[in-house]
Structures are given as C-alpha cells and as structure tokens.
Amino acid sequence: MSEITLNKLEIINPFEQILTDCQHDPSRIQDCYENHRTNRNAQSKAKLLSPDFPGWQTDGILHKLCTQAATAQRNNAPAFVDPRNNLTLYARPPPGIRELVAEIQTDIQDVIPDIWVTPPDFLHMTVMEMASGRTEADIEAFLVHLQESGTIPDLVDYTFHHRTRLVKPILSYDAAAMALSFVPAAGEKVAVGNQPYCSEGDGYTYHHLRRDLFDRLTATGLLMKPRYIVPSAHVTIARFITRNGCMAEGSGPEGVQVVDQGRIAALVKRTEQINEKLRQKYWPQENGTMSAKGEWIVGQGKGLELCKGRSFYGGGEKVVAGKGFP
C-alpha cells in the first residue's frame, strides 16, 4: 500500500493555479480554456499542413482491438487484451450532446471513412484520472482503498450538489485524434428548453469541480498523477488507427506511399467548416438564446461514473454511477 499512502506529504493541487491566476472569475477561466484549445488547433493545423507531416499518429493498441478480435474468434485463439488498467471518474454526456457528436462523426467520416469513431456508450469526459496504465492488482488496491475511506458516494454524487455548466462546443484535433471540446460557462443564458441549473449561476466552474475532486481524493491518502491537468473539457470522438485516408502511391519505387497533402487539407477544411457550423447553431446567439445541444450541465441525467479496468477508450467496468438530475 506504499504507493497509495501519502505518508503525510504535502500535495499541491495542480488545478489550483489557474483558479488563482484567474481570480476565480468565470469569464477569465473561460478565456483560459478558449485560448488553450484555439492555440492547440492552430498548432495542429500548421503541423498537418506542413510538407514534412509524416501522416497520422496511429493508435496501435486500438487497431489491434479492432482487427484481431474477429481473427482470434475464427482461429479459436485468445483475443488481444489491452494491458492498461485505469481508475477514473467519468462524466457521460447527456442525450443532446451524444446526438451532436453523432452528427459531427458523420461529417468526419465523409472525408476520412476509415477513422475509428467512439461508440455512443463509450463517450466520456475524463473529470479525474486516479490511476492509468496499471496492473489489475494495482487498480483493485486503489479501489479497495477508496471503498474503505467511505468517500466514493460523495465523489460520484458531487455534481448533484455542485453543478457546473459547459458551453461553446468546437471540434479540436491533432495527428492522433479528434475531440468535441467545451469551455466553462460564464454568464450565458441557460439553453432553450432547459431549466436553470443552480441558483448560484456560473461562479462554480468545471475547473473548480476538478480542483475539489482532487482535494477529496488526496485527503483519503490516494497519491495521483492525473494526465489531464491542462484547461480542457473534451470528449474524444474519433481516433486514427490506420494511415488510410492520408497516404497515396508515391512517385518512387513500386509500393512506396507518400502523404496525400490534398486529403489532409480536405480534413482540415472540413474541421473548420464543422466549427463554423457549431458557432452558428450551437453557441449563444445575438439575442442571447442557445440550443440545448450547445450546453452540457455536468451530472445531468446521472452523476459521475467511477470506472475501472480497461477503460482507456471509454469502456471498462462501471463500479458505480452517481445521482443525476433532470
């Protein structure tokens, strides 16, 4: 249990600094998230359109999971098993966001048919990652520790009593994957058809939520190294598992392939078209109204989900889900 116990070491909350820098102002926090994703997309665009771009950064493990299951079944052999085990708190998107994701996935596949798209039931936002890429025994030890601490009900129900809102979806991308990303709300009107979600407004942001969960977990003695500490609220909706769609026959020796710059440019252009559509249809309008598909109240429908096991792509084993609200 030495990897779990903190031995009374002082732990610095990695989510606190942004809140301090922004003076807990929702508008400034939103700007921080917006700047992060805007800059990241600009960097990705420059990389993908560079003459030196080598092609997609493919996910080898996901490719094996997708291609070897059928082969193993035909040959009566063991299927490939993802060696990475995780312990995570997920937020699952409500129906409106899932519908929006499906629309975007269709648009992406129109340009890159062979891209892997996240199944609806696997869609998730990683609110807090407690352990990643560990053995099954490690994860079970972490889970037992949390169970003995008695904190799990408080963690998964946290969004019921601490409601926070995400708005302004855009499609973020890089050479490995594509994600629907959001920013914390900062005073925008509640979406058409939705009820006011809390009396305090947007003063309590998604970043506050992540900070508080980190504090509660470390208070139990759980030593964590979350991979996601940047100002991002995203749902991965597609991953590259082959280089199909970005390669073409080259002019060199027979069989040599080169990056098809035209196909890469087509995907970048489609991404920008999708984002323009999102801004026009699902961001706050000039009259202040907003489509329900442009707003995600974290915990709507059900609370946070504690998930263990091979959950890297949104699967794994649900331990418990928290209490949701309409």
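Our structure is the block above this text.
The structure presented is a predicted model; accordingly, all values stated were derived computationally and were not measured.

Novice: Explain the sheet that holds strand 4 (residues 165-173) to me, please; I cannot follow it from the model alone.
Specialist: Backbone hydrogen bonds hold the strands of a sheet together, and the pairing may be parallel or antiparallel. Read from one edge of the open sheet, five strands run 2-6-5-4-9, paired in antiparallel fashion. Each of the sheet's edge strands pairs with one partner strand only, and the pair in question is strand 2 (116-117) and strand 9 (295-297). Where strand 4 lies against strand 9, three bridges are found, and the strand directions are antiparallel. Looking at the pairing, Val167 lines up with Glu295 of strand 9. Where helix 2 (residues 26-48) meets the sheet, it contacts strand 4, strand 5 (177-184) and strand 6 (233-239), and its direction lies at approximately 10 degrees from that of strand 4. Where helix 4 (residues 95-111) meets the sheet, its contacts fall on strand 2, strand 4, strand 5, strand 6 and strand 9, and the angle it forms with strand 5 comes to roughly 145 degrees.

Novice: Even after reading the chapter, I still don't get the pairing of strand 10 (residues 305-309), so can you show me in this structure?
Specialist: As a general feature of sheets, a regular strand has side chains that alternate between the two faces. Most of strand 10 is tucked away: five of the five residues are buried. In this sheet, strand 10 lies alongside strand 1 (residues 85-91) in antiparallel orientation, the contact comprising five bridges. Along strand 10, the bridge assignment pairs Leu87 with Lys308.

Novice: How should the sheet that holds strand 1 be read in this particular structure?
Specialist: Strand order in this open sheet of four strands is 3-1-10-11, and the pairing throughout is antiparallel. This sheet does not close on itself; its edge strands, each paired only once, are strand 3 (125-134) and strand 11 (317-321). Direction aside, neighbouring strands of the sheet carry axes that sit 15 degrees apart on average. Helix-sheet contacts for helix 8 (residues 206-219) involve strand 1 and strand 3, and the interaxial angle to strand 3 is about 40 degrees.

Novice: For this particular structure, what's the right way to read unusual backbone geometry?
Specialist: If you check the backbone angles, Gln23 has positive phi at about 55 degrees while not being a glycine. The residue Lys168 is not glycine, and still its phi comes out positive at about 55 degrees.

Novice: Quick question: what am I supposed to make of the packing of aromatic side chains here?
Specialist: Where two aromatic rings form a pair, the distance of their centres and the angle of their planes describe that pair. Tallying each qualifying case throughout the model produces seven aromatic pairs. On the numbers, 6.1 Å between centres and 65 degrees between planes, the contact of Phe53 with Trp56 is edge-to-face. When the ring of Phe182 is compared with that of Trp296, the centres are 5.7 Å apart and the planes differ by 80 degrees; the resulting orientation is edge-to-face. Taken together, the residues span a long stretch of sequence, with Phe182 in strand 5 and Trp296 in strand 9 at a distance of 114 residues. With respect to class, Phe182 is no different from Trp296; both count as buried. A cation over a ring is seen here: Arg84 above Phe312, with NZ or CZ 4.1 Å from the ring centre. If you follow Arg279 out to its NZ or CZ, it ends over the ring of Trp283, 5.6 Å from the centre.

Novice: So what exactly am I meant to see when it comes to the packing of helix 4 against helix 9 (residues 261-282) here?
Specialist: Working note: a packed helix pair is described by the angle between its axes plus the distance between those axes. Interaxial distance between helix 4 and helix 9 falls to 9 Å at its minimum, and their mutual angle equals 155 degrees. Overall, the two elements helix 4 and helix 9 adopt an arrangement that is roughly antiparallel. The crossing of helix 4 and helix 9 is right-handed. From helix 4, Leu100, Glu103, Ile104, Asp107, Ile108, Asp110 and Val111 reach across to helix 9, where they touch Ala266, Leu267, Arg270, Ile274, Lys277, Leu278 and Tyr282.

Novice: How do you make sense of the pairing of strand 4 when you look at a structure like this?
Specialist: The buried fraction of strand 4 amounts to nine of the nine residues, a majority that puts the element mostly inside the structure. Pairing between strand 4 and strand 5: six bridges, direction antiparallel. Bridge assignment links Val167 to a residue of strand 5, and that residue is Val183. Connecting the antiparallel pair strand 4 and strand 5 is a turn made up of three residues.

Novice: Quick question: what am I supposed to make of the pattern of salt bridges here?
Specialist: Charged atoms that come close allow side chains of opposite charge to pair. A full pass over the atoms with the stated rule returns 21 salt bridges. Residue Glu136 pairs with Arg310 through a salt bridge whose shortest N-O separation is 3.0 Å. You can see Glu136 sitting in helix 5 (residues 136-149) and its partner Arg310 sitting in the loop between strand 10 and strand 11, a full 174 residues away along the chain. Given the relative accessible area of 47%, Glu136 is considered partly exposed.

Novice: Sorry, what's going on with the state of the cysteines here?
Specialist: Linking two cysteines covalently through their sulfur atoms gives a disulfide. Applying the stated rule across the entire model yields zero disulfides. Not engaged in a disulfide, the cysteine Cys307 finds its nearest cysteine sulfur in Cys66; these two sulfurs lie 18 Å apart. Cys307 sits in the buried class, given a relative accessible area of 0%.

Novice: Explain the nonpolar core to me, please; I cannot follow it from the model alone.
Specialist: A general trend in soluble globular proteins is that nonpolar side chains are found buried together. Ranked by internal contacts, the top residues of the largest apolar core, which has 71 residues, are Leu89 and Ile237. Broken down by element, the residue count for this core peaks at six residues, all from helix 9. For Ile237, the contacting residues outside a window of four places in its chain are Val101, Ile104, Gln105, Ile108, Trp116, Val117, Thr118, Leu123, Leu171, Met178, Ala179 and Leu180. Counting five residues, the second-largest nonpolar core is a separate cluster that includes Leu62, Trp116, Ile241 and Tyr313.

Novice: Which parts of the structure should I look at to understand the side chain of Thr220?
Specialist: As for its placement among the helices and strands, Thr220 is situated in the loop between helix 8 and strand 6. A distance of 2.6 Å separates the side chain of Thr220 from the backbone oxygen of Leu217, its partner in a polar contact. In terms of polar contacts, Thr220 uses its side chain to reach the backbone amide nitrogen of Leu222, at 3.5 Å. With sequence-adjacent residues up to four places away left out, Thr220 is seen in contact with His145, Leu146, Ser149 and Thr151.

About the thresholds
- Residues numbered from 1 in each chain as written.
- Predicted model: local features only at pLDDT ≥ 70, side-chain atom pairs only at ≥ 80, totals over all residues.
- Heavy atoms only, no water.
- Pairing = 2+ DSSP bridges.
- Helix = DSSP H or I, 4+ residues; strand = E, 2+ residues; numbered from the N terminus.
- Contact = heavy atoms within 4.5 Å.
- Axes fitted to C-alpha atoms, helices over the stretch in contact; angles between N-to-C directions.
- Buried < 20%, exposed > 50% of the residue type's maximum accessible area, 1.4 Å probe, protein only.
- Phe/Tyr/Trp six-rings, centres within 6.5 Å; stacked < 30°, edge-to-face > 60°.
- Lys NZ or Arg CZ within 6 Å of the ring centre and 35° of its normal.
- Parallel < 35°, antiparallel > 145°, perpendicular 65-115°, else oblique.
- Left-handed = near helix turned anticlockwise from the far one by under 90°.
- Salt bridge = Lys/Arg side-chain N within 4 Å of Asp/Glu carboxyl O.
- Disulfide = S-S within 2.5 Å.
- Core = buried A, V, L, I, M, F, W, Y, C linked by side-chain atoms within 4.5 Å.
- Polar contact = N/O pair within 3.5 Å; in protein donor to acceptor, adjacent residues only side chain to side chain.

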